[in-house]
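Listed here are the chains, written in short residue letters.
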Amino acid sequence: MKNTPQMPARSASSEPAEAAAGQRVPVDRLTLEEKASLTSGADHWRTQAVARVGVPALVLADGPHGLRKPANGFGEVGIGASAPATCFPPAVALGATFDPELAERVGAALGAEAAAAGVAVLLGPGINVKRTPLCGRNFEYLSEDPLVSGELGASVVRGIQSRGVGASLKHFAANNQETDRHRTSSDIDPRPLREIYLRGFQRVVEVAQPWTVMCSYNRLNGVQVSQDPWLLTQVLREEWGFTGLVMSDWGAVVDRVAAVQAGLDLEMPSSGGRTDAELVAAVRDGRLAERELDAVADRVLELARRAAGVEPHPVDLDAHHELAREVAARSIVLLRNEGELLPLRPSASVAVIGAFAADPRYQGDGSSRVVPTRIDTALNAIQGYAEGEVVYAQGFEIDPLDAEADTGRDEAARADELRDEAVAIAEAAETVVLFLGLPAHEESEGFDRAHIDLPTEQLALLDDVISANPNVVVVLSHGGTVSLPFADRVPAILDASLLGQAGGSGTADVLFGSVNPSARLTETIPLRLEDTPAFGTFPGEEGHVRYGEGVLVGYRWYDTRQLDVRFPFGHGLSYTTFEMTNPRATSSQEGIAVTVTVTNTGAVSGREVVQVYAALEKSGVRRPTRELRGFSGVELAPGESREVVIQIRRSDLAYWSVREDRWVVETGRYTLDVGASSRDIRATATVEVEGDERPLPVTLETTFDELMADPETAARLEVAMKANGVVVDQATRIFLGGVPVGRIDGFPLPRRETEKLIRAINA
Ligand code: BGC
């Protein structure tokens with residue numbers, strides 16, 4: 001089925017002189033009122049045109065894993081009622097592929113569908129770090145690790161923009177929960193802010209230059225993000241070199257004048273002209289300089305120039321469905337496979353149990369909800385593969401309360417019925433494939449989750465099914481992480497998160513081994529909610545949430561604290577096995593290149609994701625035990641060996657120095673752990689790196705110990721002490737080592753001698 005959607009005009013002007021010629025309309029051709037109007041929405045999804053000078057309205061649409069085009073056009077809100085579009089696997093799944101090339105192909109397909117619908121900017125990807133498994137919107141985000149989020153996010157941006165459509169990198173920044181998301185202040189110290197929460201954004205901006213960035217709703221360290229000049233101008237533009245447009249999240253602007261001054265170019269959606277008038281008034285009464293308004297209007301004009309004249313190609317929805325299936329299969333994490341229960345033999349008799357097999361959960365709720373072009377169910381797909389008997393039982397109601405309300409039945413009695421039916425088919429089959437998961441109403445944009453448990457009816461069913469037949473494969477559907485207390489009792493577990501419209505087929509592809517699983521956890525599965533890093537501070541109180549765990553986010557927390565986890569970050573099995581040998585590392589101006597030989601030691605082809613974690617034992621700052629600094633996928637036939645080179649950018653070794661307010665690469669011997677998860681290190685190399693520390697100036701506030709730490713200043717000090725007859729025994733040296741040399745006259749030298757020494761050292 002080829003589909004060539006009608007192409008709405010991207011430009012609707014009568015005098016499109018510059019726009020048509022691909023030039024930017026000069027801002028000085030606009031009146032004050034026109035400039036103000038240009039920098040806010042005309043309605044929910046369109047910017048305001050200025051027909052007089054040929055500036056068209058631009059269409060912005062969600063995003064991020066499919067196009068959400070309101071069924072009756074872009075004039076309406078359209079959540080839940082939009083025209084069909086391919087529903088690709090949401091970010092929770094896409095991230096697990098650990099495959100930037102695949103992510104780029106998804107981006108390109110998204111871009112193509114957006115271009116065909118006349119969309120100038122697709123509102124995604126979302127790359128916020130998953131600070132807590134309770135964030136209701138985690139399904140829209142890629143990982144607990146900023147490298148994974150940054151790499152895959154950059155790929156999606158590249159893909160979208162390769163089709164002439166702009167991406168909108170969101171939600172910038174530190175929007176890591178939904179509770180009170182419009183007002184709460186994420187209170188974050190500089191190191192975690194830079195090293196964890198901004199690092200992914202920085203990467204995407206630097207390597208992929210998204211056309212737009214969407215600022216988040218929340219406040220950051222007390223400042224409303226939509227009016228934060230430090231974040232939107234100093235960091236984003238001046239430090240990272242962002243040249244695109246910053247738009248607000250929908251309704252994120254509190255004070256429009258302050259927002260413009262901070263560098264927010266476009267307010268969305270429409271304020272009905274109210275805030276445009278505020279801007280005009282502010283310019284007239286001198287509170288806002290006209291050149292400040294010009295700067296933001298100019299960036300809207302530039303976006304209009306970029307968006308003009310893209311020729312949309314016909315979209316092949318069949319091909320996109322196939323891509324969605326490929327990505328779905330590649331997103332499934334094989335958590336466990338005892339006794340090689342998987343892949344299933346086609347001849348085996350299979351009991352398929354669980355409502356999700358026939359009624360899949362394939363995406364999350366909120367602004368990203370796409371109306372799919374079609375839906376594959378796992379049940380159908382399993383039937384397609386199987387040669388033996390396939391029997392299905394629903395097993396449970398996905399949403400028992402809803403079911404009771406709909407049918408008027410007594411749900412307790414119904415649950416017994418469903419369970420008996422399931423147990424009966426489990427007993428009769430060779431293998432059981434049991435689909436468990438979270439009901440849609442438990443996670444969504446707009447609110448956070450209260451716990452990480454699967455529904456009790458489902459856990460009870462699992463117990464009964466295992467007693468009836470131990471050969472159980474559990475398939476999990478969920479957006480946020482769920483706890484898996486049964487993990488040791490079930491031989492095989494597939495983490496199928498939320499897989500998009502072709503997830504059912506993708507699941508069967510993995511179950512029957514036509515796709516060998518290769519996805520990896522982008523988020524640690526903890527034993528208990530109480531073990532998670534933000535437990536105790538999330539979701540904050542009285543308008544503030546303090547990120548007290550600092551840089552110890554995700555596996556950085558569990559590994560540094562040596563906490564047991566259910567499944568570690570980066571974990572994921574295959575139907576084959578791999579060996580990693582002969583690790584080497586070399587250092588250059590660009591960074592570190594780690595080389596390792598990877599061998600497929602099993603009987604089928606497969607893809608290994610080689611992960612490189614770096615550490616610096618003798619660091620001047622507190623660092624996590626290890627941090628992911630590079631990864632690379634490699635496809636290998638049985639018995640095949642290949643050298644894999646993983647490049648680590650030098651800047652990725654840096655920590656954020658609070659004292660110097662800049663990134664610092666420390667000199668030292670770095671350890672590079674090469675492995676298959678953060679807890680499955682197979683090989684280790686070390687390499688010496690020349691850093692870029694700057695010597696601290698010596699002052700009266702320099703301590704005795706600090707002077708003694710440097711051999712040169714230590715030698716001078718010793719000489720001066722001797723010359724002045726100062727004798728300090730070992731105990732005193734230890735006791736007074738932390739005292740600044742200017743504080744106690746006589747220790748380590750008389751004051752005047754101390755001053756002389758400092759002058760000599762700094763000379
Ligand atoms: C969401 C954004 C989305 C926008 C438009 C907001 O509520 O936070 O991610 O792009 O709405 O639907």
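Residues numbered from 1 in each chain as written. Predicted model: local features only at pLDDT ≥ 70, side-chain atom pairs only at ≥ 80, totals over all residues. Heavy atoms only, no water.

Strand order across the open sheet formed by four strands is β23-β22-β27-β28, with antiparallel pairing between neighbours. Each end of this open sheet is capped by a strand with a single partner; those strands are β23 (627–636) and β28 (680–689). Strand after strand, the sheet turns through a mean of 25° between neighbouring axes, direction not considered. Bridge analysis of strand β22 (residues 606–615) against β23 gives nine bridges, and the strand direction is antiparallel. Each residue of the ladder has a partner; that of Tyr613, found in β23, is Leu628. (Pairing = 2+ DSSP bridges. Helix = DSSP H or I, 4+ residues; strand = E, 2+ residues; numbered from the N terminus. Axes fitted to C-alpha atoms, helices over the stretch in contact; angles between N-to-C directions.)

Here we take up the site of the ligand. Not every one of the 14 residues close to the ligand is listed here, only the nearest: Asp62, Arg137, His171, Asp249 and Glu445. Contacts to the ligand include Arg137, whose side-chain N or O atom sits 2.7 Å from an oxygen atom. Against a free-state accessible area of 310 Å², the protein chains account for coverage of 94% of the ligand. Tallied by class, residues from the shell around the ligand come to five nonpolar, two polar and seven charged. (Near = heavy atom within 4 Å. Polar contact = N/O pair within 3.5 Å; in protein donor to acceptor, adjacent residues only side chain to side chain. Areas by Shrake-Rupley, 256 points an atom, 1.4 Å probe, with all protein chains shown as cover. Nonpolar A, V, L, I, M, F, W, Y, C, P; charged D, E, K, R; others polar.)

Okay, the nonpolar core next. Ranked by internal contacts, the top residues of the largest apolar core, which has 107 residues, are Phe172, Met247, Trp250 and Leu628. The contact partners of Trp250, leaving out residues within four places of it in the chain, are His44, Trp45, Leu60, Leu123, Met214, Tyr217, Met268 and Pro269. Grouped together as the second largest cluster of nonpolar side chains are 66 residues, Ile332, Val350, Ala426 and Leu434 included. (Core = buried A, V, L, I, M, F, W, Y, C linked by side-chain atoms within 4.5 Å. Buried < 20%, exposed > 50% of the residue type's maximum accessible area, 1.4 Å probe, protein only. Contact = heavy atoms within 4.5 Å.)

According to the domain assignment, the protein chain consists of domain 1 (7–307), domain 2 (316–531), domain 3 (578–689) and domain 4 (704–762). Relative placement of domain 2 and domain 3: their C-alpha centres are 34 Å apart. Between domain 2 and domain 3, the contact holds four residues from the first and eight residues from the second. Taking both partners together, domain 2 and domain 3 bury about 470 Å²; carbon and sulfur atoms supply 35% of that area. For domain 2, the biggest contributors to the area lost against domain 3 are Asn516, Ser518 and Arg520; these three give 82% of the whole. A salt bridge links Arg520 to Glu608; its shortest N-O distance comes to 2.4 Å. At the junction of domain 2 and domain 3, the tally comes to three residue pairs in polar contact (both at pLDDT 80 or more). (Domains from an automatic or database assignment. Buried area = accessible area lost by both parts, 1.4 Å probe. Salt bridge = Lys/Arg side-chain N within 4 Å of Asp/Glu carboxyl O.)

Here the bond from Gly124 into Pro125 is cis, since omega is 5°, no more than 30 degrees from zero. When you line up the elements, Pro125 lands in the loop between β4 (121–122) and α5 (146–161). You will see that Ser497, though not glycine, has its phi angle at about 25°, which is positive. The backbone phi angle of Glu542 is positive, close to 50°, even though this residue is not glycine. Tracing the chain through its elements places Glu542 in the loop between β17 (525–526) and β18 (544–546). Take Glu542: its relative accessible area is 80%, and that puts it in the exposed class.

Inspection of the entire model under this criterion finds twelve aromatic pairs. A network of ring pairs unites the aromatic residues Phe98, Tyr555, Phe569, Tyr613 and Phe631 as a single cluster. (Phe/Tyr/Trp six-rings, centres within 6.5 Å; stacked < 30°, edge-to-face > 60°.)

Turning next to a negative patch on the surface. Taken together, the side chains of Glu404, Asp410, Asp416, Asp420 and Glu421 define an acidic patch exposed on the protein surface. Among the structural elements, Glu404 can be located in helix α14 (residues 400–407). (Patch = residues over 30% accessible without salt bridge, like charges linked within 9 Å, V, L, I, M, F, W, Y side chains within 5 Å. Lys, Arg positive; Asp, Glu negative; His and termini not counted. Charge placed at Lys NZ, Arg CZ, Asp CG, Glu CD.)

It is worth spelling out the pairing of strand β15 (residues 472–477) at this point. Across the six residues of β15, six count as buried, placing the element largely inside the fold. Neither face of β15 is left uncovered, since the one carrying Val472, Val474 and Leu476 and the one carrying Val473, Val475 and Ser477 both have all their residues buried. Pairing of strand β14 (residues 431–437) with β15 involves six bridges; the strand directions are parallel. Bridge pairing links Phe435 to Val475 in β15. For the crossover from β14 across helix α16 (residues 456–468) to β15, the handedness is right-handed. Bridging between β15 and strand β16 (residues 492–495) involves four bridges; their strand directions are parallel. Across the sheet, Leu476 pairs through a bridge with Asp495, a residue of β16. (Right-handed = clockwise from strand over helix to strand, strands pointing away.)

Within the protein chain, residue pLDDT values average 95, and 97% of them lie at 70 or more. The spread of mean pLDDT over the elements of the protein chain runs between helix α1 (residues 17–20), the lowest at 56, and strand β11 (residues 333–337), the highest at 99. Note that residues 1–16 has pLDDT below 50 and, in this model, 41 contacts with residues that lie over four places away or in other chains. (pLDDT = per-residue confidence, 0-100.)

As for its placement among the helices and strands, Tyr555 is situated in helix α18 (residues 555–560). Residue class for Tyr555 comes out buried when judged on its relative accessible area of 1%. Tyr555 sits 23 residues away from Thr532 along the chain, and the two C-alpha atoms are 9.7 Å apart. Those residues in contact with Tyr555 that sit more than four places away from it in its chain are Glu144, Asp145, Thr524, Thr560, Phe569, Tyr613, Arg626, Glu627, Leu628 and Ser678.

Attention now moves to the environment of Arg556. Mapped onto the elements, Arg556 comes out in helix α18. Sequence spacing of Arg556 and Gly591 is 35 residues, and the spatial spacing of their C-alpha atoms is 22 Å. Not counting chain neighbours up to four residues away, the residues in contact with Arg556 comprise Asp145, Pro146, Ile196, Val551, Pro624, Arg626, Glu627 and Arg629.

Attention shifts here to the packing of helix α13 (residues 378–385) against helix α17 (residues 503–511). In the contact formed by α13 and α17, the axes pass within 7 Å of each other and the chain directions differ by 40°. When the interaxial angle is binned, α13 and α17 end up oblique. α13 and α17 meet at a crossing whose hand is right-handed. Every residue of α17 that contacts α13 at Ala378, Ala381, Ile382 and Tyr385 is listed here: Gly504, Ser505, Ala508, Asp509 and Leu511. (Parallel < 35°, antiparallel > 145°, perpendicular 65-115°, else oblique. Left-handed = near helix turned anticlockwise from the far one by under 90°.)

With that out of the way, let us pick up the sheet that holds β18. Here four strands make up an open sheet; going across it, the order is β9-β8-β6-β18 and the pairing mixed. This sheet does not close on itself; its edge strands, each paired only once, are β9 (223–224) and β18.

Applying the stated criterion across every chain, the model contains 63 salt bridges. With a shortest N-O distance of 3.2 Å, Glu688 and Arg669 are connected by a salt bridge. Here the residue Glu688 occupies a position in strand β28, and Arg669 occupies one in strand β27 (residues 668–677), the gap between them amounting to 19 residues. Residue class for Glu688 comes out partly exposed when judged on its relative accessible area of 43%.

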